[in-house]
Amino acid sequence: MMRVGLGYDVHPLVVGVPCMIGGVNIPHEKGLQGYSDGDVLLHAISDALLGAIGGGDIGRHFKEGDPRWKGISSLKLLERVSMMLSEKGWRTINCDCVVIAEAPKIFPYAEQMQKKIARALATRPEDINIKASTHDRLGFIGRKEGIAAQAICLLQSSMVEHVSDN
C-alpha cells in the first residue's frame, strides 16, 4: 500500500536569527522566525509525511509553547516524524519539494539539503528533490518579508493489509 501527503509552511524573515532551510544554515542578512528554528522546508516535509499517515501536522506533535521544542533543530523534529512513520510500518519513497523565496538563493545549497533530509528519513539523497521558485516580486514573499515551502511525499507500507468485504 502507498500513500501520499502534502505539506506547506511559511515563516517571516527577521533580522537576528539564522536562516535555516532544509537543515542548512544559509548565509543571509535575515533568518526565519519560528518557535523551533523556523525551517519552512523541513516543516513542510514533516507535515506531508504526517498527513500521508493521517497523523495531523507538526503543530499537533510539537506544540508551540512546549519548552522541549523551543529553538530545536527542525532536523531533530523530522527525525522524530521519521521514527513515527517507521513505528507505524511506513517508509519514505520520495519527497518533491519547492522553496518559494526571492532571497536567499536555494540552488547552491540543494545538494547539502538533500543529504541532510535523506539521512533524517533513512532514504537516499536522490529520493529527495528540492526546487526553488520566486514570487516574481509579488506579495509578502516578493517583498522579501517571508519564505514558504511546499512538499509532497510518497510513502510505502511494509505491512500486509487485507481488504474485507464488509
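Residues numbered from 1 in each chain as written. Predicted model: local features only at pLDDT ≥ 70, side-chain atom pairs only at ≥ 80, totals over all residues. Heavy atoms only, no water.

## Remarks on the pairing of strand β5 (residues 90-100)
- Bridging between β5 and strand β7 (residues 146-157) involves 10 bridges; their strand directions are antiparallel. In the strand pairing of β7, T92 is matched with L155. (Pairing = 2+ DSSP bridges. Helix = DSSP H or I, 4+ residues; strand = E, 2+ residues; numbered from the N terminus.)

## Remarks on the confidence of the model for the chain
- On average, residues of the chain score 92 in pLDDT, and 96% of them are at 70 or above.
- No element of the chain has a lower mean pLDDT than helix α2 (residues 58-61), which averages 86, and none a higher one than helix α4 (residues 110-121), which averages 98.
- Predicted confidence is poor over residues 162-166, with pLDDT under 50, and the contacts of this stretch with residues over four places away or in other chains come to zero contacts. (pLDDT = per-residue confidence, 0-100. Contact = heavy atoms within 4.5 Å.)

## Describing the layout of surface pockets
- Considered as a void within the structure, the largest pocket measures approximately 240 Å³ in volume.
- Lining the largest pocket are 14 residues, and of these Y35, H43, I58, F62 and E64 lie nearest its centre.
- When contributions to the lining of the largest pocket are tallied by element, the ones reaching two or more residues are β1 (2-14), α1 (40-52) and α2.
- Per-class residue counts for the lining of the largest pocket are five nonpolar, five polar and four charged. (1 Å grid on protein atoms, 1.4 Å probe; cavity = no way out; pocket = protein on both sides within 12 Å on 5 of 7 lines; lining within 4 Å. Points joined across faces, edges and corners; volume = space filled by probe spheres on them. Nonpolar A, V, L, I, M, F, W, Y, C, P; charged D, E, K, R; others polar.)

## Structural notes on the packing of helix α3 (residues 74-87) against α4
- Relative orientation of the contacting elements α3 and α4 amounts to 35 degrees, with a least axis distance of 8 Å. Side by side, α3 and α4 meet where L75, L78, E79 and S82 of the first sit next to K116, I117, A120 and L121 of the second.
- Residue classes in the contact of α3 with α4 are distributed as five nonpolar, one polar and two charged. (Axes fitted to C-alpha atoms, helices over the stretch in contact; angles between N-to-C directions.)

## Considering the pairing of β1
- Sheet analysis places β1 next to β7, joined by 11 bridges and oriented antiparallel. Opposite G7, over in β7, you have A151 as the bridge partner.
- For β1 and strand β4 (residues 31-32), the ladder comprises two bridges, and the chain directions are antiparallel. Bridge pairing in β4 links V14 to G31.

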